[in-house]
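Structural description and commentary
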Amino acid sequence: MLQIIELSYQSLTNAEDLIIISDLDKIDIMREEDPHTAVEHYDSILQTRNSPRAFYGKALALLQISRNVKSNKILESAIFNFKEVLALGKIVPDALFRLAGDEAIQQMKFRGFNTQAVKVIQTLIHRFPEDPMLKQTLGVQYLIIGDNKSAKNIFEKILITNPENGFALVHLGFILKTQSGDNLHELEMGVSYLSRGLATRAEGVLEGNFFFHLGDGLRRLGRFSEADAVYQEGADLNIFKSFWQRSIYNVDRLKSQPIWTIDETTYVSNLNNFVNNWKIIRLEAEKIFKARKFEAESENLKDSGTWNQFELYRQGRKLEKNCQLAPTTCSIVEKFEAAKTNRRGQIKFSVMLNGTHVHAHSGPTNCRLRAHLGLVVPDNANENNLKLRVADNILTWKEGELFIFDDSFDHEVWNNSGDRIVLIVDMWHPELTSHERNTLPSI
Ligand code: OGA
Ligand code: MN
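As a starting point, this report considers the structure included with it. (Residues numbered from 1 in each chain as written. Chains lettered and ligands numbered in written order. Predicted model: local features only at pLDDT ≥ 70, side-chain atom pairs only at ≥ 80, totals over all residues. Heavy atoms only, no water.)

1. Topic: the coordination of the manganese ion (ligand 2)
- Bound to the manganese ion (ligand 2) are the protein donor atoms His361 (NE2) and His411 (NE2), situated 2.1 Å from the metal. Here His361, found in strand E7 (residues 356-361), pairs with His411, found in strand E12 (residues 411-415); they are 50 residues apart in sequence, far enough to count as distant. We note that His361, like His411, is buried. (Donors = N, O, S within 2.8 Å, 3.2 Å for Na, K, Ca; no water. Helix = DSSP H or I, 4+ residues; strand = E, 2+ residues; numbered from the N terminus. Buried < 20%, exposed > 50% of the residue type's maximum accessible area, 1.4 Å probe, protein only.)

2. Comments concerning the state of the cysteines
- On inspection of all chains with the given rule, the structure shows 1 disulfide.
- Put simply, Cys323 and Cys330 are joined by a disulfide, and their sulfur atoms are 2.1 Å apart. Since a negative S-S torsion denotes a left-handed disulfide, the Cys323-Cys330 link at about -75° is left-handed. (Disulfide = S-S within 2.5 Å.)

3. Regarding the site of ligand 1
- Taken together, the residues surrounding ligand 1 are Trp307, Ser350, Met352, His361, Arg370, His372, Trp397, Phe405, His411, Val413, Arg420 and Ile424.
- Trp307 has a polar side-chain atom sitting 3.2 Å from an oxygen atom of ligand 1.
- Contacts to ligand 1 include Arg420, whose side-chain N or O atom sits 2.6 Å from an oxygen atom.
- If you list the elements that add at least two residues to the shell around ligand 1, you get strand E6 (346-352), strand E8 (368-376), E12 and strand E13 (420-428).
- Of the residues that constitute the shell around ligand 1, the class distribution is 6 nonpolar, 4 polar and 2 charged. (Near = heavy atom within 4 Å. Polar contact = N/O pair within 3.5 Å; in protein donor to acceptor, adjacent residues only side chain to side chain. Nonpolar A, V, L, I, M, F, W, Y, C, P; charged D, E, K, R; others polar.)

4. Points about the packing of helix H5 (residues 52-69) against helix H6 (residues 72-87)
- Relative to each other, H5 and H6 sit at 165°, their axes nearing to 8 Å. When the axis of H5 is compared with that of H6, the two are roughly antiparallel. The element H5 and its partner H6 pack so that their crossing is left-handed. Each of Pro52, Phe55, Tyr56, Lys58, Ala59, Leu60, Leu62, Leu63, Ile65, Ser66 and Val69 in H5 lies in contact with H6, whose residues at this interface are Ile74, Leu75, Ser77, Ala78, Asn81, Phe82, Glu84 and Val85.
- For the contact of H5 with H6, a count of residues per class yields 14 nonpolar, 3 polar and 2 charged. (Axes fitted to C-alpha atoms, helices over the stretch in contact; angles between N-to-C directions. Parallel < 35°, antiparallel > 145°, perpendicular 65-115°, else oblique. Left-handed = near helix turned anticlockwise from the far one by under 90°. Contact = heavy atoms within 4.5 Å.)

5. Considerations on the sheet that holds strand E9 (residues 386-390)
- A sheet is described by the order of its strands in space; here 5 strands give the open sequence E3-E7-E12-E9-E10, paired in antiparallel fashion. The open sheet has two free edges, formed respectively by strand E3 (302-304) and strand E10 (393-395), since each of these has just one partner strand. Geometrically, the sheet is characterised by an average inter-axis angle of 20° between neighbouring strands, direction not taken into account.
- Relative to E7, E3 is paired through 2 bridges, and the arrangement is antiparallel. The partner of Ser304 across the bridge, within E7, is His357. (Pairing = 2+ DSSP bridges.)

6. Notes on the pattern of salt bridges
- Inspection of the entire model under this criterion finds 28 salt bridges.
- Between Arg53 and Asp25 there is a salt bridge whose closest N-O contact spans 2.8 Å. Note that Arg53 is positioned in helix H5 and Asp25 in helix H3 (residues 21-31), a separation of 28 residues in sequence.
- Judged by relative accessible area, which is 23%, Asp25 ranks as partly exposed.
- Several salt bridges share partner residues, and in doing so they unite Arg219, Arg246, Arg389, Asp410 and Glu412 into one network. (Salt bridge = Lys/Arg side-chain N within 4 Å of Asp/Glu carboxyl O.)

7. Some details on the environment of Asn162
- Tracing the chain through its elements places Asn162 in the loop between helix H10 (148-161) and helix H11 (166-179).
- Of the residues examined, Asn162 reaches a relative accessible area of 35% and is grouped as partly exposed.
- With 30 residues separating them along the chain, Asn162 and Pro132 place their C-alpha atoms 9.4 Å apart.

8. Some words on the layout of surface pockets
- Put simply, the second largest pocket is a space of about 250 Å³.
- Every residue along the wall of the second largest pocket is listed here: Val140, Leu143, Ile144, Phe167, His171, Phe174, Gly204, Glu207, Asn209, Phe210, Ile248 and Tyr249.
- Taken together, the elements giving at least two residues each to the lining of the second largest pocket come down to helix H9 (132-144), H11 and helix H13 (208-220).
- Grouping the constituent residues of the lining of the second largest pocket by class yields 8 nonpolar, 3 polar and 1 charged. (1 Å grid on protein atoms, 1.4 Å probe; cavity = no way out; pocket = protein on both sides within 12 Å on 5 of 7 lines; lining within 4 Å. Points joined across faces, edges and corners; volume = space filled by probe spheres on them.)

9. Concerning the packing of H6 against helix H7 (residues 94-111)
- Between H6 and H7, whose axes approach to 9 Å, the crossing angle comes to 150°. With respect to H7, the element H6 is oriented roughly antiparallel. At the point where H6 passes H7, the crossing takes the left-handed sense. Contacts between H6 and H7 involve Asn72, Leu75, Glu76, Ile79, Phe82, Lys83, Val85 and Leu86 from the first element and Leu96, Phe97, Ala100, Gly101, Glu103, Ala104, Gln107, Met108, Phe110 and Arg111 from the second.
- The class makeup of the residues in the contact of H6 with H7 is 11 nonpolar, 3 polar and 4 charged.

Shown next, in the form of structure tokens:
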């Protein structure tokens, strides 16, 4: 055992460092207890030599300090010192080069330096061209910085040498599916890659996003029963909360049901404020509509027709300019803590013109409930020509009436009646604690 530890330690130590290995070992040991003094000792070594291990040890010490005092600046100097190890190039032993590179990447990602992380991954690939995991990591990192073209490229490259690589298959499928737009051929390719990739069950493929987009892609190709099988599989594997509830960003214990009553939400008086003032709210919405201020819904969910929105709050932030055009509506929202602070939702007017179908879809999180207040509903509307399906329930809108559903459940909309306007208000799921409401990352 002792010998193994020594060996692995030696593999971090080049010939130059071997001369001072006992000093380096001692500083490493004291680093845990006293990272500040360790930094001084590493520095004094670095004054006279380019010691890879001293740079690495210094970086680890700074990392520890940055965590103790919660300092981004110190974290950044830790990152800088990990990069110094890499900058020494050939004189750094392989194992140390890899350790320093992996740490640099992890800390850069934590700090949000995603483009820098791409560069470090490329440096590691240059040094370890045979390592397939690094190429996967690079592909994912390209996706994170929004460079889908480079991501696609690298996953295609992986598949040339390893056509059954499940990780590359699902990622390439995801890219093709999400960028396919109206291109049915690309959609089919995406679906096929996603499906082959998921079947491998390789590490990293059993993710909600891949099941979600495979099911959605199949539905858009009209292959509904295959889609349902994917959703059922996702539910059986606990990747979805259930067959119908397909959100990805979940707090697990929350009560799950597609339709909620006003009483069940606990926000009775706040929600009644909307109902009691619905006519003023409608006036504001109509004025905005007539001024052509609504914008197209942006998530590629619309199948046919026209579906536009006018946002008042986004991710818990008030859109001041827009609220100036809807002062009463926003003043009601301002009193509604669980809605105006909802970083996982929106508040908006939604207009849907006659002849619109919105593809079945589900929202990203189970942390919100969604209220719809009917503002303009055509006289001829009924449950056949104007409807919202949520899971296996059918709802329709009535002027001045409000319903609440959980949009993480599969839902779909048809309007074949006339032009319809509603107010949509997202609120925190009532079972979330105030700590969760304050700390959950926004969506
Ligand atoms: C929703 C939704 C469409 C609409 O609120 O999640 O898809 O405007 N609604 O009726
Ligand atoms: Mn929706």
